[in-house]
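# Overview (structure and organization)
Now for the letters of each chain:
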Number of protein chains: 2
Amino acid sequence: MRNRQVLLKSRPVGIPQAEHFEIVETPVPALRAGQVLVRNLYLSVEPAMRGWVNAAANYSDPVPVGAVMRSLAAGRIEASEHPDWKPGDLVCGMFGWQDYAAVDAASIGPATFGRRVTETDLPLSLSLGVLGLNGLTAYFGLLEVAGPKPGDTVVVSTAAGSVGSAVGQIAKLSGCRTVGIAGGPDKVRQCIETFGYDAAIDYKAGDLAQRLRDACPAGVDVYFDNTSGPISDAVMVQLAIGARVAICGTAAVANWDPIPAGPRIERHLLVKRARIQGFVIFDWTSRFPHALARLADWVRSGRLRYLEEVLEGIEQAPDAIAGLYRGENLGKRLIRIAS
Amino acid sequence: MRNRQVLLKSRPVGIPQAEHFEIVETPVPALRAGQVLVRNLYLSVEPAMRGWVNAAANYSDPVPVGAVMRSLAAGRIEASEHPDWKPGDLVCGMFGWQDYAAVDAASIGPATFGRRVTETDLPLSLSLGVLGLNGLTAYFGLLEVAGPKPGDTVVVSTAAGSVGSAVGQIAKLSGCRTVGIAGGPDKVRQCIETFGYDAAIDYKAGDLAQRLRDACPAGVDVYFDNTSGPISDAVMVQLAIGARVAICGTAAVANWDPIPAGPRIERHLLVKRARIQGFVIFDWTSRFPHALARLADWVRSGRLRYLEEVLEGIEQAPDAIAGLYRGENLGKRLIRIAS
């Protein structure tokens, strides 16, 4: 058995490109006591990975140059040196962009991003999307940070994305009116037809401010911000009194060093008694099981829909993050490396 | 009897200057049923008055050109056509920059900025400062919007001002460490000696970022923002994880039309899971009596100190707002027009 690994070859400034990675083959690692061997079946690709490889301040230390690219993955346990796990168990966690990972059982236990995948009636890949980081981000960011109330107008940027699409649907389940902002006619159509937004705006079609006014005549009560940049600037000036903004990501700003300038928002916040809050879902790990159970029920009943875009083969990994930022994906981007 | 009135003569752009006002004499108004006649003794001067005369969006319609300047004032009832009020009662409310105001009793009743002044053991002028808008703004902005926890490092801009000085002291009463930012050595000394800040920084003395790092080695947990602009920009990059920012005012930005640019804050908010919130105390009117009782007790016990700067005579009114923005006042600015 060989272990193909995608290593970070050099440190990018801004968005990581294919040239910043290389694929090598190494032996499958041996297990120490307390470890399990995971055979990865799906690798995840997410916007946050840009931050994981950049040197700027972030949630965690950057991936070292020469190390396996940090990533969520989902797979099957092939060997176990821990009593709680046995071969055949399904699992997801921070296993990296590689075929096989030897991981401490503690890293897939409570209060981690890893877990045993128990919803075996649903596709394993969902544990990397709507039943993983993306769904949990939508769930806690919307329900805990933004706090939607029935009748609120909720605006979501990257509205057809794997987080945004869940936000829009959970907002509908919360009794809100939903307005999605997405790039291009395909994603706008997805917003309406697949994800049930009440309105959708193509930010690439021009005059975003007027389109927003038309879609939100009473202003924006909740804004779930995945982008920062000009899209968010247009939303901020249309906040309603008492508005809540949840900052989930800053995908539209390629580089934060130095910090770019934008229109000041203090006066809007003051006059509208509005709130902006950044969040990271790791603050709610103890509530992940409850949230995942609700998300899975919504998926089963068809009230929470999702789209996946599955790339085939680990060879697709090096360019996969750059592709996200080119906006070419439709749905949660995954790489299938075995079946 | 004559009624001297300060009228808005023309609409300023930015900070109102003496030339934008004129003083006229008119007859004392006659009372209608349900009204009371207030003899103003103190007129208030506050930074928010800039917004009241500007055309830009704000909490209320701008003062019309030719009308009496809107203002809080404190005085004594001279005549009453309402059963709840009698001559000699002390009162504060939106009585305008004038000697006499005929006002509806409803405008000094519950859920207004007006009220009966019952703490007759304390100076009447306090109803325009630490026992008025300023104290209430500090109280609700700090305790309800920022939510200080014992041990938090709380940074206050315009720290020696009538709002900021109360914020710093209420934060100390809440078990926090307090750091004041003020302009010039006199105000910095006041912060330490009069208002009990643990540290005070003169933003005019240069290298604000380094001074902030020295004063807040573990970062800023709470920032009570009275200024916006470069002072706030320096604080924002030093927020601690879970920080809360209450936006109370934007005194350092002279003009919001067009909206000025500043460094984007979304990334700090995201990485630090921090919150920024604007507020207006009118959202807590039902709780004003309880808050005023607590503030008055703190004043009586010497735990909440204040400074007043009393200008003598209504002739001082036209230049009084501009003077605030020149930073020349030390303490809450008032105009005494009768005794």
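Structure: see above.
Below, the structure is looked at part by part.

What counts as what
Residues numbered from 1 in each chain as written. Chains lettered and ligands numbered in written order. Predicted model: local features only at pLDDT ≥ 70, side-chain atom pairs only at ≥ 80, totals over all residues. Heavy atoms only, no water. Helix = DSSP H or I, 4+ residues; strand = E, 2+ residues; numbered from the N terminus. Rg over C-alpha atoms; globule rule 2.2 N^0.38 Å. Contact = heavy atoms within 4.5 Å. Areas by Shrake-Rupley, 256 points an atom, 1.4 Å probe, with all protein chains shown as cover. Lys, Arg positive; Asp, Glu negative; His and termini not counted. Charge placed at Lys NZ, Arg CZ, Asp CG, Glu CD. Buried area = accessible area lost by both parts, 1.4 Å probe. Salt bridge = Lys/Arg side-chain N within 4 Å of Asp/Glu carboxyl O. Polar contact = N/O pair within 3.5 Å; in protein donor to acceptor, adjacent residues only side chain to side chain. Nonpolar A, V, L, I, M, F, W, Y, C, P; charged D, E, K, R; others polar. Pairing = 2+ DSSP bridges. Phe/Tyr/Trp six-rings, centres within 6.5 Å; stacked < 30°, edge-to-face > 60°. Lys NZ or Arg CZ within 6 Å of the ring centre and 35° of its normal. 1 Å grid on protein atoms, 1.4 Å probe; cavity = no way out; pocket = protein on both sides within 12 Å on 5 of 7 lines; lining within 4 Å. Points joined across faces, edges and corners; volume = space filled by probe spheres on them. Axes fitted to C-alpha atoms, helices over the stretch in contact; angles between N-to-C directions. Least-squares fit on C-alpha atoms with pLDDT ≥ 70 in both.

With that out of the way, let us pick up the overall build of chain A. Of regular secondary structure, chain A possesses nine helices and 16 strands. A compact globule built from 339 residues would reach a C-alpha radius of gyration of about 20 Å, and chain A, at 20 Å, matches this within 12%. Sequence-distant contacts, at least 24 apart, represent 67% of the contacts inside chain A between residues at least 6 apart. When the accessible surface of chain A is totalled, it reaches about 13100 Å², and 53% of it is carbon and sulfur. Of the side-chain charges in chain A, 35 are positive and 34 negative, and the distance between the mean point of each set is 5 Å.

Between chain A and chain B, the contact holds 37 residues from the first and 36 residues from the second. Approximately 3200 Å² of surface area, both sides summed, lies buried where chain A meets chain B, with 60% of it carried by carbon and sulfur atoms. By the criterion of area lost to chain B, the three top residues of chain A are Arg264(A), Arg267(A) and Leu270(A), representing 24% of everything that side buries. Between Asp233(B) and Arg264(A) there is a salt bridge; the shortest N-O distance is 2.6 Å. Linking chain A to chain B there are 14 residue pairs in polar contact (both at pLDDT 80 or more). Counting only elements with at least two residues in the side of chain A that touches chain B, the list comes to helix H6 (229–236), strand S13 (261–263), helix H7 (266–271) and strand S14 (275–278) of chain A. Split by residue class, the side of chain A that touches chain B holds 20 nonpolar, nine polar and eight charged. Sheet topology note: the S14(A)/strand S14 (residues 275–278) of chain B ladder contains three bridges and is antiparallel. Paired with Arg275(A) across the strands is Gln277(B), a residue of S14(B).

Pairs of aromatic rings are described using the distance from one ring centre to the other and the angle between the two planes. Residues and elements named next belong to chain A. One pass over the structure, following the stated rule, counts 18 aromatic pairs over all chains. Grouping aromatic residues by their ring pairs yields a cluster made of Phe 113, Tyr 139, Phe 140, Phe 224, Phe 279, Phe 282, Trp 284, Phe 288 and Trp 298. The ring of Tyr 100 carries Arg 39 above its face, with NZ or CZ at 4.8 Å from the centroid.

It is worth spelling out empty space enclosed by the protein at this point. This structure, assessed with the given rule, holds four cavities of 30 Å³ or more. In this model, the largest cavity occupies a volume close to 250 Å³. If you go around the largest cavity, you meet 26 residues; those closest to its centre are Pro263(A), Arg264(A), Ile265(A), Pro263(B) and Ile265(B). Put simply, the parts of the chain that give the lining of the largest cavity at least two residues each are strand S11 (220–225), H6, strand S12 (239–247), S13 and H7 of chain A together with helix H6 (229–236), strand S12 (239–247) and strand S13 (261–263) of chain B. Tallied by class, residues from the lining of the largest cavity come to 14 nonpolar, four polar and eight charged.

One key point about sheets: their strands pair by backbone hydrogen bonds, in either a parallel or an antiparallel sense. Pairing in this open sheet of 12 strands is mixed, and the strands run S10(A)-S9(A)-S8(A)-S11(A)-S12(A)-S14(A)-S14(B)-S12(B)-S11(B)-S8(B)-S9(B)-S10(B) from one edge to the other. Of all strands in the sheet, those with a lone pairing partner are strand S10 (199–202) of chain A together with strand S10 (199–202) of chain B, marking the two edges. Strand after strand, the sheet turns through a mean of 15 degrees between neighbouring axes, direction not considered. Note that strand S8 (residues 153–157) of chain A and S11(A) share three bridges and pair parallel. Looking at the pairing, Val156(A) lines up with Phe224(A) of S11(A). Contacting strand S9 (177–182) and S10 of chain A, helix H4 (residues 185–193) of chain A runs over the sheet at an angle of about 170 degrees to S10(A). With respect to the sheet, helix H3 (residues 164–173) of chain B is in contact with strand S8 (153–157), strand S9 (177–182) and strand S11 (220–225) of chain B, its orientation differing from that of S8(B) by roughly 170 degrees.

Of the transformation superimposing chain A on chain B, the axial component is 0.0 Å and the angular component is 180 degrees, with the fit at an RMSD of 0.0 Å. This pairing of chains is accounted for by a two-fold axis.

Positionally, Ile192(A) belongs in helix H4. Residues Ile192(A) and Gly180(A) lie 12 residues apart in sequence; the distance between their C-alpha atoms is 8.5 Å.

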